[in-house]
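Geometric and topological summary
Residue strings, one per chain:
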Amino acid sequence: MERERLENIIIGTLLESTADDNYYTDCRCCVTEDMFMDSTNRRIYHYISEMQAGGKSDTRPSDIFAEYGTEVVDIIQDMMDKVNNYSFLYLN
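Residues numbered from 1 in each chain as written. Predicted model: local features only at pLDDT ≥ 70, side-chain atom pairs only at ≥ 80, totals over all residues. Heavy atoms only, no water.

Notes on the packing of aromatic side chains
Our working rule: Between the rings of Phe, Tyr and Trp (Trp by its six-membered ring), a pair exists once the centres lie within 6.5 Å; its type follows the angle of the planes, with under 30 degrees stacked, over 60 edge-to-face, and the other angles tilted. Helix and strand definitions here come from DSSP, where helices need a minimum of 4 consecutive H or I residues and strands a minimum of 2 consecutive E residues; each element is numbered from the N-terminal end. Burial classes: relative accessible area under 20% of the type maximum marks a residue as buried, over 50% as exposed, and values in between as partly exposed (1.4 Å probe, protein chains only).
If you walk through the whole model with that rule in mind, you get three aromatic pairs. Centre to centre, the rings of Tyr-24 and Tyr-45 are 6.0 Å apart; their planes meet at 45°, and the pair counts as tilted. Of the two residues, Tyr-24 sits in helix H2 (residues 24-27) while Tyr-45 sits in helix H3 (residues 39-53), which places them 21 residues apart along the sequence. For the pair shown, Tyr-24 and Tyr-45 are each scored as buried. Taking the relative accessible area as the measure of exposure, Tyr-45 reaches 2% and is therefore buried. A network of ring pairs unites the aromatic residues Tyr-24, Phe-36 and Tyr-45 as a single cluster.

What follows is the structure, given as structure tokens:
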């Protein structure tokens, strides 16, 4: 259960990344896609990594949707839930 929560915090926080606050740069050297046990988290991390590699630092759910469209429709709600419930920016 704790691992799942930690994964959700990482993904929730990465889904807050913008050009001004790019959280991916803080974790890219120590977090890899294969570290995620949850398949949705792994998939989201894949999209974020791919966008970052392409020079796109804005990786909020709306940015991911704008980039991938219908390919990510099935995980939009998951992304929103992770941002709203797990982003480190809002956890106390």
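Digging into the side chain of Ser-57
Defined as follows: The criterion used for residue contact is that any of the two residues' heavy atoms lie within 4.5 Å.
Tracing the chain through its elements places Ser-57 in the loop between H3 and helix H4 (61-68). Ser-57 sits in the buried class, given a relative accessible area of 19%. Those residues in contact with Ser-57 that lie beyond four places of it in its chain are Ser-17, Thr-18, Ala-19, Asn-22 and Gln-52.

Remarks on the pattern of salt bridges
Just so we agree on the cut-off: Put simply, a salt bridge is a Lys or Arg side-chain nitrogen that is within 4 Å of an Asp or Glu carboxyl oxygen.
Counting across every chain of the model gives five salt bridges. With a closest N to O distance of 2.7 Å, Glu-67 and Lys-56 form a salt bridge. Residue Glu-67 is located in helix H4, and its partner Lys-56 is located in the loop between H3 and H4; the two are separated by 11 residues in the primary sequence. On the accessibility criterion, Glu-67 (36% relative accessible area) is partly exposed. With a shortest N-O distance of 2.9 Å, Arg-60 and Asp-63 are connected by a salt bridge. Here Arg-60 falls in the partly exposed class, since its relative accessible area comes to 34%. Assessed through its relative accessible area of 18%, Asp-63 is described here as buried.

Here's the deal with the nonpolar core
What counts is decided by this rule: Among buried residues, those of type Ala, Val, Leu, Ile, Met, Phe, Trp, Tyr and Cys that are joined through side-chain atoms within 4.5 Å constitute a nonpolar core.
Of all hydrophobic cores here, the largest spans 18 residues; its most connected members are Leu-15, Ile-44, Tyr-45, Ile-48 and Ile-64. When contributions to this core are tallied by element, the ones reaching two or more residues are helix H1 (2-14), H2, H3, H4 and helix H5 (76-86). Broken down by element, the residue count for this core peaks at five residues, all from H3. Setting aside residues up to four positions removed in sequence, Ile-48 forms contacts with Leu-14, Leu-15, Tyr-24, Thr-59 and Ile-64.

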